[in-house]
Amino acid sequence: MSQLHLVIYLDCNATTRPRPEVVEALLPYLGERFGNASSVHRRGQAAKAALETARESVGRSLGAEHAREVVFTSGGTEGDYLALRGALRARPERRHVIVSAIEHEAVLNTARALATEGCEVDLAPVDAHGVVRLDALERLLRPDTCIVSVMWANNETGVVQPLERIGALAHAVGAIFHSDAVQALGKLPLRVAALPLDLLSVSAHKIEGPQGVGALWIRTAAPWLAPLQGGGQERGRRPGTHHLAGIVGFARACDLATAELAEKTARWTELRDRLERGLLRSLPGVTVHGALAERVANTSFVSFSGVDGEAVLMLLDEYGVCVSTGSACTAGDDAPSHVLLAAGVPEALARASVRYSIGRETTAEQIDETIERTAEIVEHLRALAPPGLEVLTP
Ligand SMILES: Cc1ncc(COP(=O)(O)O)c(C=O)c1O
């Protein structure tokens, strides 16, 4: 058996293993059911039928009013990029953009690029719990604000944002409201039609679907113009031949994730609480970030004061426990989490953080083993720390 079968995988916010039902659903489209959904012949029409069935599934999971509002993309990054740039193309007279300070790099770096292209960009601050400050956001909004982008659930802390109130504020000045829901799909009930939302991006690989596929939901009446030009696929909103197998797998993952949401949330809450209680009991100087805010049930971002989170990650990996120190997209760069810094967490504590993200296959035994290994490692690292380095007790 390969070493990879022995791991305790607690990095489900980075990616998840495609579940067998998903692989089974998509495989025929890499073989005998291949086809281009734009072709007129029967093979093309069969592909088109599969594509539209998948669109219905994804639309249902998002709570969209119409399936046609779903535009398939290559994932969350592309959805975020298209959302921001498409809003600016539709409303060129508005050049002000607001994104929250805790967004994923997909939004933050798109906003940074827009700032070099003549847009004014403001970052909406968050409070100590990692929740966007509505008073501050309201002060930032202007008559020329084109788009406000605030994620539904944060990928590092799991903290859920008050979208209904943010959307109402954005709409009060006529701005378009986008949410990156990559970490919310499959973890929270999404009811896009009922919320003051215009655009929403999601990704398949966070919900046991394949990598490299996702969707941008565009409300029918939303002002938005495609930033990418090419063929007429997706009603001209996203050109390029469809990744049909990926889309079929995504749809199956959506159906399953939505059907199992309540049961999974209950189980994940228990496991997450077990992990946090265990860590807090085993060690001094443990901080659970966002613990007092509403969070998705699978995510726990924890700091162990006096140690380097990266060192904990590497040593846990030696024991076969896979975690991260924050966003997988910034892993390897040396900067502390921008999400924690935005919430006012001191840099040293931000550098001492480890993210555990639970999945469908996580068991209580794995959590207990993880608590034990983490405690051992943190104690070991603290014992090696130079004298004078304090273990802060929160
Ligand atoms: C909140 C958030 N947005 C966007 C992305 C990017 O999604 P994708 O990997 O599908 O491009 C991620 C993935 O890490 C994410 O967590």
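Notes on the packing of helix H8 (residues 261–282) against helix H12 (residues 364–384)
What describes two packed helices is the angle between their axes and the distance between those same axes.
Now for step 1: Contact geometry for H8 and H12: axes closest at 9 Å, N-to-C directions at 25°. The pairing of H8 with H12 is recorded here as roughly parallel in orientation. Read as a crossing pair, H8 and H12 show a hand that is right-handed. Across the interface between the two elements, Leu271, Arg274, Leu275, Gly278, Leu279 and Ser282 from H8 touch Ala364, Ile367, Asp368, Thr370, Ile371, Thr374, Ala375 and Glu379 from H12.
Now for step 2: Here the residues of the contact of H8 with H12 sort into seven nonpolar, four polar and three charged.

Re unusual backbone geometry
Glycine aside, the phi torsion of most residues is negative, and most peptide linkages are trans.
Now for step 1: Its identity as a non-glycine residue notwithstanding, glutamate 208 has a phi of 65°, on the positive side.
Now for step 2: For glutamate 208, the location among the structural elements is in the loop between strand S7 (199–203) and strand S8 (214–218).
Now for step 3: The phi dihedral of glutamate 234 is positive, around 55°, even though this residue is not glycine.
Now for step 4: Mapped onto the fold, glutamate 234 is located in the loop between S8 and helix H7 (244–259).

A short note on the packing of helix H9 (residues 309–318) against H12
Now for step 1: Packing of H9 against H12 leaves a shortest axis separation of 10 Å and a crossing angle of 130°. On the basis of the axis angle, H9 is oblique to H12. Crossing handedness for the pair H9 and H12: right-handed. Here Ala311, Val312, Leu315 and Leu316 of H9 come into contact with H12, specifically with Arg373, Thr374, Ile377, Val378, His380 and Leu381.
Now for step 2: Each residue belonging to the contact of H9 with H12 can be placed in one class, and the counts come to seven nonpolar, two polar and one charged.

Focus: the sheet that holds strand S5 (residues 145–149)
Now for step 1: If you walk across this open sheet you meet the seven strands as S2-S8-S7-S6-S5-S3-S4, and the pairing is mixed. Pairing within the sheet leaves two strands with one partner each, and these edge strands are strand S2 (70–73) and strand S4 (120–124). For this sheet the average axis-to-axis angle between neighbouring strands, irrespective of direction, equals 20°.
Now for step 2: Two strands pair when backbone bridges link them, and strand S3 (residues 96–100) and S4 are joined in this way by five bridges, in the parallel orientation. Paired with valine 97 across the bridge in S4 is valine 121.
Now for step 3: Lying on the sheet, helix H4 (residues 105–115) is in contact with S3, S4, S5 and strand S6 (176–180); it crosses S3 at an angle near 155°.

Quick notes on the state of the cysteines
By definition, a disulfide links the sulfur atoms of two cysteines through a covalent bond.
Now for step 1: Applying the stated rule across the entire model yields zero disulfides.
Now for step 2: Of the cysteine sulfurs around cysteine 119, a residue in no disulfide, the closest is that of cysteine 146, at 7.6 Å.
Now for step 3: Cysteine 146 sits in the buried class, given a relative accessible area of 0%.

What counts as what
- Residues numbered from 1 in each chain as written.
- Predicted model: local features only at pLDDT ≥ 70, side-chain atom pairs only at ≥ 80, totals over all residues.
- Heavy atoms only, no water.
- Axes fitted to C-alpha atoms, helices over the stretch in contact; angles between N-to-C directions.
- Helix = DSSP H or I, 4+ residues; strand = E, 2+ residues; numbered from the N terminus.
- Parallel < 35°, antiparallel > 145°, perpendicular 65-115°, else oblique.
- Left-handed = near helix turned anticlockwise from the far one by under 90°.
- Contact = heavy atoms within 4.5 Å.
- Nonpolar A, V, L, I, M, F, W, Y, C, P; charged D, E, K, R; others polar.
- Pairing = 2+ DSSP bridges.
- Disulfide = S-S within 2.5 Å.
- Buried < 20%, exposed > 50% of the residue type's maximum accessible area, 1.4 Å probe, protein only.

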